[in-house]
Amino acid sequence: NGCLRGYRICCSREPANRARETEPTLANPCRISGMRRVVGRHACATRRGRRGAAGVRPGCYTSEVHLGSKRLSSSKANIDASPFQTIDFADMDLRTRYRILCGAILPRPIAWISTVDANGVNNVAPLSFFMPVTSDPPSLAFSLTTKKDGTLKDTLQNLKANGQFVVNHVTAECFMAMYETSKEFDPTVDEFGMAKLTPIPSRKVAPSRIAEAPIHMECELIDTMAVGNIEKYGSSTLVVGRVLVTHVQDKYLEKRSDGAKAVRNQDMATVARLGGLEYGTIGNRWTLQKDANWNEKHW
């Protein structure tokens, strides 16, 4: 019927002193171990008839909610504010702040970052505080929290030492390997080996790429910025990197009508981080049609 299906991966956490992330509890596995199928209802949106208006391509997505089609007639619309609770972060403990932030900002893509230290030991770490920055220069950013003992994570130490890293794309097929690399390992441990990952030599940087991931972005460090007291747990270091080379598996690369290359991600099953230990793939997708006010030429 042309509908897209999504998945949710539910993991259980053991005490924090055991590891960064413990082995997941898998319930009702389907094609990928540890994944539960989630199917939404058909949404109630169709293409609007007015010429030049944006519409939604019908019959090609599922949704849990009705898509609103009306615009507010006035900025002074009568909106009841009583259902809202105001949360002052200054009066909140660290864990609650984290939960509110992560529960409000989602889904979050996962940067599966590979680095290497001066002795050639490979480190791999998944980070979900991650985003693109701009296309000129091609760049991205992510942040790494300070560990509970006040030390910096191996990923941050490595990329600050040599200024290089690779961002690998996480899909459902390599999710369990990604989850394995979220654990705390001694800096002398090669995490490619621990997670049974296959290293591929990079073209322009020293860290290896992950063969099991469909996309790799080789990057060099632009700058870092401490956010908060960097020696205190809960604070973070913001990292901005320039993308030098991107590698995309052939089956996910396409050429558009204007001749430009693009990533065809409809079948990629990209995994995103949700709240807590919940993960998921895209289950609802729709495309606006004939929007006279916005298109790629604006980019």
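Below or above, wherever it landed, is the structure these notes cover.

Rules of the game
All residue numbers here refer to positions counted from 1 along the written sequence of the relevant chain. Only residues with pLDDT of at least 70 are given local features in this predicted model, and only at 80 or more are side-chain atom pairs given and counted; all residues enter the totals for whole chains, interfaces and linings. Derived side-chain values reflect all non-hydrogen atoms in the structure, with water molecules and hydrogen atoms excluded from consideration. For Phe, Tyr and Trp, rings pair up if their centres lie within 6.5 Å, where Trp contributes its six-membered ring, and each pair is then called stacked (planes under 30 degrees apart), edge-to-face (over 60) or tilted (otherwise). Runs of H or I in DSSP of at least four residues are treated as helices and runs of E of at least two as strands, each being numbered from the N terminus. Here, any two strands with at least 2 DSSP bridges between them count as paired.

### Some details on the packing of aromatic side chains
Stage number 1. According to the stated counting rule, one finds 5 aromatic pairs in the structure shown.
Stage number 2. Centre to centre, the rings of F175 and Y179 are 6.1 Å apart; their planes meet at 35 degrees, and the pair counts as tilted. Separated by 4 residues within a single helix, F175 and Y179 lie in helix α3 (residues 175-180), roughly one turn from each other.
Stage number 3. Plain terms: the ring middles of Y179 and Y279 are 6.5 Å apart, the flat faces sit at 80 degrees to each other, and that makes the pair edge-to-face. One end of the pair, Y179, is in helix α3; the other, Y279, is in strand β17 (residues 278-280), with 100 residues separating them in the sequence.

### Digging into the pairing of strand β12 (residues 215-227)
Consecutive residues of a regular strand have side chains that alternate between opposite faces of the sheet.
Stage number 1. Here 5 bridges tie strand β9 (residues 164-169) to β12, and the two strands are oriented antiparallel to one another. Bridging across to β12, V167 finds its partner in M217.
Stage number 2. Judged from the 12 bridges that link them, β12 and strand β13 (residues 236-248) form a sheet pairing that is antiparallel. Bridge assignment links L221 to a residue of β13, and that residue is G241.

### Details of the pairing of β13
Stage number 1. Bridge count between strand β8 (residues 138-145) and β13: 7 bridges; the pairing is antiparallel. Paired with T145 across the bridge in β13 is S236.

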